[in-house]
Structure formats: structure tokens, C-alpha cells
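Breakdown of the fold
Listed here are the chains, written in short residue letters.
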Amino acid sequence: MIVYSETKKVFINDVFNGELPEIIEEKFKEFGIFGGGEAEVRSWRNSLRCVSEVIQDSRIDDDVQVAVEFQIPLTSKRVDFMIGGKTDEKDHVVVIELKQWEKCFVTDKEDVVNAFTGGANRDVVHPSHQAYSYAKLIENFNEAVEEQHIEMNPCDYLHNYESKYEDQIRDNRYQKLIDQAPVFLAKDNAKLRDFIAKYVSKRSEKNLFEIIDY
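Here is a short report on the structure shown in this document. Keep in mind that what you see is a predicted model, and the values were worked out from it rather than measured.

Our next topic: the sheet that holds strand E6 (residues 112-117). Sheet architecture is open: three strands sit in the order E5-E6-E7, paired in antiparallel fashion. Strand pairing shows two members of the sheet lacking a second neighbour, strand E5 (104-106) and strand E7 (120-125), which therefore form its edges. Shown here is a sheet whose adjacent strand axes are inclined to one another by a mean of 30°, direction ignored. Direction of pairing for E5 relative to E6: antiparallel, over a ladder of three bridges. Each residue of the ladder has a partner; that of Cys104, found in E6, is Ala115.

If you want it as C-alpha cells, here you go:
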């Protein structure tokens, strides 16, 4: 189930006008999805504004498809943001896990970092693990994704992350994860923009999110 799905142009306008968090919150109620509390609304307002600024790039056509809050079928997992289209005639969807973290710390647990989330410091999976696992879940759940040759390209965007803690999120023990789903920090907006434009530059002839959400 995709809560919000529009073109890039409409998405940017909804963000600019300050309407998107309320639109998503109403959709949550309409679809009977648990969530949409004050903290989550605040995260939509902050994170989606940052994403909106990143995708304002002439290399990415205004009519490419954007989706926010996709609940993966048969799970309680929700994908924060997706943008879909094509480059060189191949269909792509970029899956972006959004985090508001300012810092995190390495742990001795496999694929786990320690970050302030949910009001406390907690051991949680590295966001690259999260993004990659969501992309694989979508591929594995929906045969049409493979049959129609839609390529999933996961990454994570930590738009508040402080550069002085970069060595923690990018520690060598997480390199395999980062190779699968690159990490983009607050200072990496241009790199994230390049990553998206590499895969999504113009609209696909297919409704990619209708296929994913089938």
C-alpha cells in the first residue's frame, strides 16, 4: 500500500506549500494505518523537505513518479521514499531510507549501530541494511518487479548527520552494507542528487508504483 503517490512536480509543490504532512496524515487515517503521531509528522516535514530540495534538478524530469510511505505487503515495514523512472531505456526505482540522526556510534553487533531514536539511545540496524532489505523484500514479494525488469536501487539519506561522526556510520565493518546501499549525509546532497539522476531521469512508460503495489 502506497500512502502518497504523485509526480515529482506535484510532490515538490505539496512540500513547498507545507501541505504534504497533513495529506499523508489524512491518508493514514483513510487507510487505517497505525502511525502519523506528532513525531512522525515532524519527521515528514523535515525529511521530505530535504528530499524535495535534492530532486530539484533539471536532469530529473518533472513527471517522474514519487511515492511516500509504502507499506510492504504482509509486513509492518514502510519505505520512506521512492522515486521511479528510467535512464537509457531501463526502468529504475530508487529506494531511500530517511533518518534524522545527527550522529551514531559503532557497536560490536553485526550490522548494528547505536543511535538516538524513539527518545533514547538504542542499538538499531544500520540504515543501509534497512534500505537494502526493503528493496529485496519488494523484489521477492512481487514477481512482476523481476518480470518487468524494474531495478531497485536502495540508499539512505541522513540529512542532519554531522560530518565529525562520519567515521562511525561509515566504519569499515559496515562497508559491505554501504556497497549495497550507499550512505548520503548532510554534506552529500550533490552526491545523492547524482545518484538519483543516474537511475531516474525521465518518466517510464509503465506505472512503476502501481506494479510494485499490486
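There's plenty left to go through after this.
Opposite charge on two side chains allows them to pair when their charged atoms are near. Going through the model one piece at a time under the given rule, you end up with 25 salt bridges. Here Arg78 ties to Glu40 by a salt bridge, and the two come within 2.9 Å at their closest N and O atoms. Taken as a pair, Arg78 in strand E3 (residues 78-87) and Glu40 in helix H3 (residues 38-54) lie far apart in primary sequence, 38 residues in all. Here Asp123 and Lys109 are joined by a salt bridge, their closest N and O atoms 2.8 Å apart. Separated by 14 residues along the polypeptide, Asp123 in strand E7 and Lys109 in the loop between E5 and E6 bring together distant segments of the chain. Given a relative accessible area of 39%, Asp123 falls into the partly exposed group.

Inspection of every chain in the model, using the stated rule, returns six aromatic pairs. Ring centres 5.7 Å apart and planes at 80° place the aromatic pair Phe105 and Tyr165 in the edge-to-face group. On the criterion of sequence distance, the pair formed by Phe105 in strand E5 and Tyr165 in the loop between strand E8 (151-158) and helix H6 (166-169) is long-range, its members being 60 residues apart. Here the aromatic residues Tyr4, Phe11 and Phe81 are joined through ring pairs into a cluster of three or more.

The next thing to look at is the sheet that holds strand E9 (residues 183-185). Across the sheet, which stays open at both edges, the six strands sit in the order E1-E2-E3-E4-E8-E9 with mixed pairing between neighbours. Sheet topology places strand E1 (2-7) and E9 at the edges, where each strand pairs with a single neighbour. Neighbour to neighbour, the strand axes of the sheet diverge by 25° on average, direction disregarded. Bridge count between E1 and strand E2 (residues 65-71): five bridges; the pairing is antiparallel. Its bridge partner lying in E2, Ile2 is registered against Phe70. Against the sheet, helix H1 (residues 8-16) contacts E1, E2 and E3, and its axis sits at roughly 110° relative to E1.

Judged from the six bridges that link them, E6 and E7 form a sheet pairing that is antiparallel. The residue bridging Asn114 from the neighbouring strand is Asp123, located in E7.

Turning next to the nonpolar core. Counting residues in hydrophobic clusters, the biggest one holds 34 residues, and the most contacted among them are Phe11, Ile55, Phe81, Ile83 and Ile196. A total of six residues in this core trace back to one element, the largest contributor, which is H3. Ignoring any residue separated from it by four or fewer positions in sequence, one finds Ile196 in contact with Val54, Ile55, Ile60, Ile83, Val94 and Ile96. Core analysis: the second largest hydrophobic core is formed by 19 residues, Ile2, Ala67, Phe70 and Ile150 among them.

Residues other than glycine predominantly adopt negative phi, and peptide bonds predominantly adopt the trans conformation. Despite not being glycine, Glu89 shows a phi value in the positive range, around 70°. Along the chain, the position of Glu89 falls in the loop between E3 and strand E4 (90-99). In this structure Glu89 comes out as exposed when scored by relative accessible area, which is 56%. Despite not being glycine, Asp111 shows a phi value in the positive range, around 65°. Summarising the element assignment, Asp111 is placed in the loop between E5 and E6.

Quick look at the side chain of His92 now. In this fold, His92 is placed in strand E4. Side chain to side chain, His92 and Asn153 meet in a polar contact 3.1 Å long. Other than its neighbours up to four places away in sequence, His92 contacts Ile83, Gly84, Gly85, Lys86, Thr87, Glu151, Asn153, Tyr199, Val200 and Leu208.

Rules and cut-offs
- Each chain carries its own residue numbering, running from 1 in the direction its sequence is written.
- For this predicted model, a pLDDT threshold of at least 70 governs which residues receive local features, and a threshold of 80 or more governs which side-chain atom pairs are given and counted, while totals over whole chains, interfaces and linings are taken from all residues.
- Excluded from the side-chain calculations are hydrogens and water; all other atoms, namely the structure's heavy atoms, are used.
- The pairing criterion for strands is at least two bridges between them, as found by DSSP.
- The helix and strand labels rest on DSSP assignments: H or I over at least four residues marks a helix, E over at least two residues marks a strand, and numbering proceeds from the N terminus.
- A fitted line through C-alpha atoms represents every axis, and for helices the fit uses only the stretch in contact; the resulting angles, taken between N-to-C directions, go from 0 to 180 degrees.
- Here, a salt bridge means any side-chain nitrogen of Lys or Arg that lies within 4 Å of a carboxyl oxygen of Asp or Glu.
- Only protein chains enter the calculation, and the probe is 1.4 Å; a residue is then buried if its accessible area is under 20% of its type maximum, exposed if over 50%, and partly exposed in between.
- Stacked, edge-to-face and tilted labels apply to pairs of Phe, Tyr and Trp rings (six-membered ring for Trp) whose centres lie within 6.5 Å, assigned for plane angles under 30 degrees, over 60, and everything in between, in that order.
- Contact between two residues is taken to exist if any of their heavy atoms lie within 4.5 Å; hydrogens are not considered.
- Within this scheme, the nonpolar core is defined by two criteria: the residues are buried Ala, Val, Leu, Ile, Met, Phe, Trp, Tyr or Cys, and they are joined through side-chain atoms within 4.5 Å.
- Side-chain atoms alone can form a polar contact between residues adjacent in sequence; in general such a contact is a pair of N or O atoms within 3.5 Å, and within protein one must be able to donate a hydrogen while the other accepts it.

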